[in-house]
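# Working through the structure, step by step
Letter by letter, the chains look like this.
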Amino acid sequence: MTSSIPEFILRVQYPILSENPPGDSTDISLLEPCNKNRWQVTLTRVYDLLKIDVRGLELNGMNIDSEYMHIIPMNGSKPIIAKVCPQTLRLYNTVSVLVRTEIVQKGDRYEFYIVQAKEKEIPWFFHASDGIKSPPLPAYEEERPSAITNDTASALLCDIYSVDTQIVFGLSRTTDETCIWAHRTILSKYHTFDILLKQLSFDNRSALTGPIKLVVTKVSFATFATLLRFIYTGEIHRTSHPEYFAISKFLKGNNYFVAGGIKDLHQWHFMDLHRPLSDEPVTWQELLDAANIYKMDALRAQCEAALKSIAKVSMARSTDAT
């Protein structure tokens, strides 16, 4: 029978990472000797965001068995709590969270605790360095998928040099040579995308040096673009223009170097920037169907509320007509 690790504490201290490669990502050495060979912590910076990955190494056959990842800053900021995807733990023994850099930055470095636990609240937490139980922690800030600024989201959505995930459409209003690009770091905040992208990386080892290719067959190009913009900004725009996204068309026979890996040459933003991605706005029902496919609860709730409101207006008009 496989043993489990329900909770653990890691202390992280590391100089601030660069915004550009190669200094934007690093595997760090943990301070506690007992943790150095058991855990690997990787920090990756994307503009004003920091992705924190924790992977179990020599665990002697044990698996991580916990539901919450707590990031406790040492600068006085509110702790962050993120619910962990059980499938990710079982498949990869890895947990990840994405936070704003300002939350974990203290002076010229990042300083924070990583606490993995089965509970959403951790009254048992103490600083291992002094053995003294910490004072009551400030109220938790729930980490949400839309927790980035609109300025950062706008820059990320159309930045062709930092994108690393190519999304192509098997059934869409565009040709299969047209694709929209995104960042794995951002998409992975949603468990469904996190599992899909990790599986694609495992199946295709070349994804370690090049872009990941995600094929979408049940959602149209325009609907996915609307969903993508929601992932980045938390806002719903049912009519979008190409200028807001990294959109490309594949051109055969050439390559060029971008974003740390070789990508096939693409014609970027070849679509008419003054025309919307679809002749008609994406419907609330189309967006709701997409939210159900990718298990995006916040988007689903907004779509359902909009559809209920439309139904009430329609019913009122019918009543007035009679």
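A brief structural summary.

Looking now at the sheet that holds strand β9 (residues 94-100). The strand order across the open sheet built from four strands is β3-β4-β5-β9, with neighbouring strands paired in antiparallel fashion. A strand with exactly one partner marks an edge of an open sheet, and here the two such strands are β3 (25-28) and β9. Direction aside, the axes of adjacent strands within the sheet are offset by 20° on average. Of the strand pairs in this sheet, strand β5 (residues 49-56) and β9 are connected by seven bridges, and their pairing is antiparallel. Residue pairing in the sheet places Asp-53 in a bridge with Ser-96 of β9.

Formed by 42 residues in total, the largest nonpolar core has its most connected members in Ile-180, Phe-193 and Phe-224. Ranked by the residues each element gives to this core, the list is headed by helix α7 (residues 221-233), at nine residues. Not counting the four nearest positions on each side in its chain, Phe-193 is found in contact with Leu-187, Leu-214, Phe-224, Leu-227, Ile-231, Tyr-294 and Met-296. By size, the runner-up hydrophobic cluster in this structure holds 24 residues, among which are Leu-17, Leu-43, Val-99 and Val-104.

Right, let's get into the packing of α7 against helix α8 (residues 284-293). α8 packs onto α7 with a crossing angle of 65° between their chain directions and a minimal axis gap of 10 Å. Taken together, α7 and α8 sit at an angle that is classed as roughly perpendicular. The two elements α7 and α8 cross, and the hand of that crossing is right-handed. Note on element contacts: α8 touches α7 through Glu-286, Leu-287, Ala-290 and Ala-291, opposite Thr-223, Thr-226 and Leu-227. Considering only residue class, the contact of α7 with α8 consists of four nonpolar, two polar and one charged.

Cut-off values and rules
Residues numbered from 1 in each chain as written. Predicted model: local features only at pLDDT ≥ 70, side-chain atom pairs only at ≥ 80, totals over all residues. Heavy atoms only, no water. Pairing = 2+ DSSP bridges. Helix = DSSP H or I, 4+ residues; strand = E, 2+ residues; numbered from the N terminus. Axes fitted to C-alpha atoms, helices over the stretch in contact; angles between N-to-C directions. Core = buried A, V, L, I, M, F, W, Y, C linked by side-chain atoms within 4.5 Å. Buried < 20%, exposed > 50% of the residue type's maximum accessible area, 1.4 Å probe, protein only. Contact = heavy atoms within 4.5 Å. Parallel < 35°, antiparallel > 145°, perpendicular 65-115°, else oblique. Left-handed = near helix turned anticlockwise from the far one by under 90°. Nonpolar A, V, L, I, M, F, W, Y, C, P; charged D, E, K, R; others polar.

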